[in-house]
Amino acid sequence: MSIGPCGPVVGVEREPNTIRLKLAGELDLASAPAFEHQLEDLLGEDIRRVTIDLRDLEFLDSAGLRALLVTHRRLTESGRELRLGPGPPAVQRLFELTGSDRIFRFTE
């Protein structure tokens, strides 16, 4: 599933109470709004956990990080859980530089 030519979501899997998203390409100023919009459409009340796989994400900027932080806050405030699958070194470096690697829960 894709959200358009600049959208990073390339896969969606649903399980009971869980949704898994696979991102690829870039999550940046151009694609972050589309990402947030699609995530809004995908989150049903029965979803308790969201896992976002960043393995194939090539680029993450501050707008993309903000979208992930907003998603984390929204899910946490509603009693839901967000987990991130680690991205490549360049993506993970942004989490480390900003200290947000201490906010997110990363899966193995």
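1. A short note on helix α1 (residues 32-42)
Okay, so step 1: Along α1, the positions that sit buried rather than exposed are Ala32, Phe35, Gln38, Leu39 and Leu42. Down the axis of α1, the buried side of the element spans an arc of 130°, and every buried residue falls inside it. In α1, those exposed residues whose orientation departs by more than 90 degrees from the buried face are His37 and Asp41.
Okay, so step 2: Looking at the buried side of α1, the elements it contacts are β1 (9-15), β2 (18-27), β3 (49-60) and α2 (62-77).

2. Structural notes on the pairing of strand β4 (residues 81-85)
Note on strand geometry: in a regular strand, side chains alternate between the two faces of the sheet.
Okay, so step 1: In terms of burial, β4 is a largely internal element, four of the five residues being buried.
Okay, so step 2: Strand direction decides the pairing type here: β3 and β4, joined by five bridges, are parallel. Counterpart to Val50 in the pairing with β4 is Leu82.
Okay, so step 3: This β-α-β element, β3 to α2 to β4, shows right-handed connectivity.
Okay, so step 4: Of the pairings in the sheet, the one linking β4 to strand β5 (residues 105-106) comprises two bridges and is parallel in character. Its bridge partner being in β5, Leu84 is matched across the sheet by Phe106.
Okay, so step 5: Taken together, β4, helix α3 (residues 89-98) and β5 form a β-α-β motif whose crossover is right-handed.

3. Focus: the packing of aromatic side chains
Okay, so step 1: Taken as a whole and assessed by the stated rule, the structure comprises three aromatic pairs.
Okay, so step 2: Relative to Phe104, the ring of Phe95 lies with its centre 5.5 Å away and its plane at 80°, an arrangement referred to as edge-to-face.
Okay, so step 3: Judged by its relative accessible area of 0%, Phe95 is buried.
Okay, so step 4: Judged by relative accessible area, Phe104 falls into the buried class, the value being 5%.
Okay, so step 5: A ring pair is formed by Phe95 and Phe106, whose centres lie 5.3 Å apart and whose planes are at 80°; its orientation type is edge-to-face. On the criterion of sequence distance, the pair formed by Phe95 in helix α3 and Phe106 in strand β5 is long-range, its members being eleven residues apart.
Okay, so step 6: Ring pairs connect the aromatic residues Phe95, Phe104 and Phe106, which therefore count as one cluster.

4. Comments concerning the sheet that holds β4
Okay, so step 1: Taken in spatial order, the five strands of this open sheet run β1-β2-β3-β4-β5, and their pairing is mixed. Two strands lie at the open edges of the sheet, namely β1 and β5, each paired on one side alone.
Okay, so step 2: As paired strands, β1 and β2 are joined by six bridges and run antiparallel to one another. Each bridged residue has a counterpart across the sheet, and for Glu15 the counterpart in β2 is Thr18.
Okay, so step 3: The strands that α1 touches are β1, β2 and β3; relative to β2, the one it contacts most, it runs at about 170°.

5. With respect to the nonpolar core
A general trend in soluble globular proteins is that nonpolar side chains are found buried together.
Okay, so step 1: Phe35, Ile52, Leu68 and Phe95 are the most contacted members of the largest nonpolar core, which totals 27 residues.
Okay, so step 2: Residue assignment for this core shows that the elements contributing at least two residues are β2, α1, β3, α2, β4 and α3.

Parameters at a glance
- Residue positions within a chain follow its written sequence, with the count starting from 1.
- Two thresholds apply to this predicted model, a pLDDT of at least 70 for residue-level local features and 80 or more for giving and counting side-chain atom pairs, whereas whole-chain, interface and lining totals are computed over all residues.
- Heavy atoms from the whole structure form the basis of all side-chain values; hydrogens and water molecules are not counted.
- Remark: exposure states derive from per-residue accessible area (1.4 Å probe, protein chains only) relative to the maximum for the residue type, with buried under 20%, exposed over 50%, and partly exposed in between.
- Note on conventions: DSSP H or I runs of at least 4 residues are helices, E runs of at least 2 residues are strands, and numbering of each starts at the N terminus.
- Note that the arc is defined by the directions from the helix axis to the C-beta atoms.
- Contacts are assigned to residue pairs that have any heavy atoms within 4.5 Å of one another.
- For two strands to count as paired, DSSP must find a minimum of two bridges between them.
- Looking down the strands as they point away from the viewer, one classifies a crossover as right-handed if the path from the first strand across the helix to the second runs clockwise.
- Between rings of Phe, Tyr and Trp, where Trp is taken as its six-membered ring, a pair exists when centres lie within 6.5 Å; planes separated by under 30 degrees are stacked, by over 60 edge-to-face, and by other angles tilted.
- Note on definitions: angles span 0 to 180 degrees between N-to-C directions of axes, and those axes are lines fitted to C-alpha atoms, for helices only across the stretch in contact.
- The set of buried Ala, Val, Leu, Ile, Met, Phe, Trp, Tyr and Cys residues whose side-chain atoms join them within 4.5 Å is what this entry labels a nonpolar core.

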